[in-house]
Amino acid sequence: MDKNQIIDNTVHFVKTTLKNAEGGHDWFHIERVLKNAEIIAASEDVDKFVVALGALLHDIADSKFHEGDETVGPRLAREFLQEQQVPAAIIEHVENIIKWISFKGGNEAQQFRSPELDVVQDADRLDALGAIGIARTFNYGGHKGRPLFDPEVKPNLNMTKEEYKSSSAPTINHFYEKLLLLKDRMNTATGRKLAAERHRYMENFLQEFYKEWGLPSQKWDF
């Protein structure tokens, strides 16, 4: 098995598959997650080949763009990796990374864990934080036609998984329902350090947002 060739083939496959993807879930998102994963993996005892494949394929078919179907991504990844003659154990591991990487809302318990998933999950969560995370959040909100903010619509921190997936709340609410929760859910020391920096940036952004909106500070007490 030529791992370098498989990685090259995977990059080509992902670029081709996501060439018309929404801007927050396109090839550039995948590339950033891969770079984050490489940085984190350098300090972890992990299989870097599995990490790279997981990072490259984690959003090959995000369920948000497939009517909520969470089986499409793992299936496409499995079919591709089988074509590359990747060993079955590695394919199963990558499938599980894809299945369990995402923040699902509803406080759903994660039923699969591995050091490789920890790395890729942290890498993906980092791209949901900081300046890039803010840009991606508003890009997706615009893609879905959501309002920026409504002072009368309070974030729902107790949504079920189904409510989270179908939510049409204002984009600012997403900061409270997901993004500001990620810092405390990081798995690795490197991930936690990088997340803390990006978390502070988002907090500062929100305070400036409320100030420019004409509100004195955060609208809600939780």
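The following paragraphs examine the structure supplied in this document. (Residues numbered from 1 in each chain as written. Predicted model: local features only at pLDDT ≥ 70, side-chain atom pairs only at ≥ 80, totals over all residues. Heavy atoms only, no water.)

1. Things to note about the overall build of the protein chain
This is how it is decided: We count a stretch as a helix when DSSP gives it H or I for four or more residues in a row; a strand needs E for two or more, and each element gets its number in order from the N terminus. In this setup the radius of gyration rests on C-alpha atoms only. A globule is expected at 2.2 Å times the number of residues raised to 0.38. With a 1.4 Å probe rolled over the protein chains alone, any residue whose accessible area is under 20% of its type maximum counts as buried; one over 50% counts as exposed, and the rest are partly exposed. In what follows, residue pairs with any heavy atoms lying within 4.5 Å of each other are defined as contacts. Under the convention used here, a 1.4 Å probe and the Shrake-Rupley method define accessible areas, while residue burial counts only the protein chains that appear. Under this rule, positive means Lys or Arg and negative means Asp or Glu; His and the chain ends count for nothing. By convention, the point assigned to a charge is CZ for Arg, NZ for Lys, CD for Glu and CG for Asp.
Looking only at helices and strands, the protein chain features ten helices and zero strands. Across the protein chain, helices and strands are ordered from the amino to the carboxyl terminus as α-α-α-α-α-α-α-α-α-α. The C-alpha radius of gyration computed for the protein chain amounts to 18 Å, which stays within 12% of the reference 17 Å derived for 222 residues, consistent with globular compactness. By residue count, 49% of the 222 residues in the protein chain fall in the buried class. Sequence separation of at least 24 residues holds for 68% of the intrachain contacts in the protein chain that already meet a minimum separation of 6. Accessible surface for the protein chain amounts to roughly 11,400 Å². Of this, 48% is attributable to carbon and sulfur atoms. For the protein chain, the centre of its 28 positive side-chain charges and the centre of its 35 negative side-chain charges are spaced 2 Å apart.

2. Examining helix α7 (residues 130–143)
Basically, it comes down to this: Multiplying 1.5 Å by the helix residue count minus one yields the expected span of that helix. Taking the helix axis as origin, the arc is that swept by the directions to the C-beta atoms.
Here α7 contains 14 residues, and its C-alpha end-to-end distance of 20 Å stays within 8% of the 20 Å for a straight helix at 1.5 Å per residue. Residues of α7 that are buried: Gly130, Gly133, Ile134, Arg136, Thr137, Tyr140 and Gly141. The buried side chains of α7 occupy one side of the element, clustering within an arc of 165° when seen end-on. In the stretch just after α7, Gly145 is the one whose phi turns positive, near 70°.

3. What about the pattern of salt bridges?
What counts here: We define a salt bridge as a side-chain nitrogen of Lys or Arg found within 4 Å of a carboxyl oxygen belonging to Asp or Glu.
Summed over the entire model, instances satisfying the criterion amount to seven salt bridges. In this structure, the salt-bridge partner of Glu95 is Arg78, at a minimum N-O distance of 2.7 Å. You can see Glu95 sitting in helix α5 (residues 88–100) and its partner Arg78 sitting in helix α4 (residues 72–83), a full 17 residues away along the chain. Assessed through its relative accessible area of 28%, Arg78 is described here as partly exposed.

4. Re the packing of helix α1 (residues 3–17) against helix α3 (residues 48–57)
Our working rule: In this description, a line fitted to the C-alpha atoms serves as the axis of each element, helices being fitted only across the stretch in contact, and the angle between N-to-C directions of two axes falls anywhere from 0 to 180 degrees. Roughly parallel means an angle under 35 degrees; roughly antiparallel means over 145; roughly perpendicular covers 65 to 115; every other angle is labelled oblique. When residue character is reported, Ala, Val, Leu, Ile, Met, Phe, Trp, Tyr, Cys and Pro are called nonpolar, Asp, Glu, Lys and Arg charged, and the others, Gly included, polar.
At their nearest, the axes of α1 and α3 sit 10 Å apart, and the two run at 10° to each other. As judged from the angle between their axes, α1 and α3 are roughly parallel. Judged by residue contacts, Lys3, Ile6, Ile7, Thr10, Val11, Phe13 and Val14 of α1 engage Phe49, Ala52, Leu53, Leu56 and Leu57 from α3. Residue composition of the contact of α1 with α3, grouped by class: ten nonpolar, one polar and one charged.

5. Considering the environment of Leu81
Along the polypeptide, Leu81 turns up in helix α4. For Leu81, a relative accessible area of 0% gives the class buried. In the structure, Leu81 is positioned 134 residues away from Leu215 in sequence and 51 Å away in space, judged by C-alpha atoms.

6. A short note on the environment of Tyr164
One can find Tyr164 in helix α8 (residues 161–166). Spatially, the C-alpha atom of Tyr164 lies 9.7 Å from that of Lys178, the residues being 14 residues apart in sequence.

7. Things to note about unusual backbone geometry
Of note in this structure, Gln85 is not a glycine but carries a positive phi near 60°. The residue Gln85 is located in the loop between α4 and α5 in this model.

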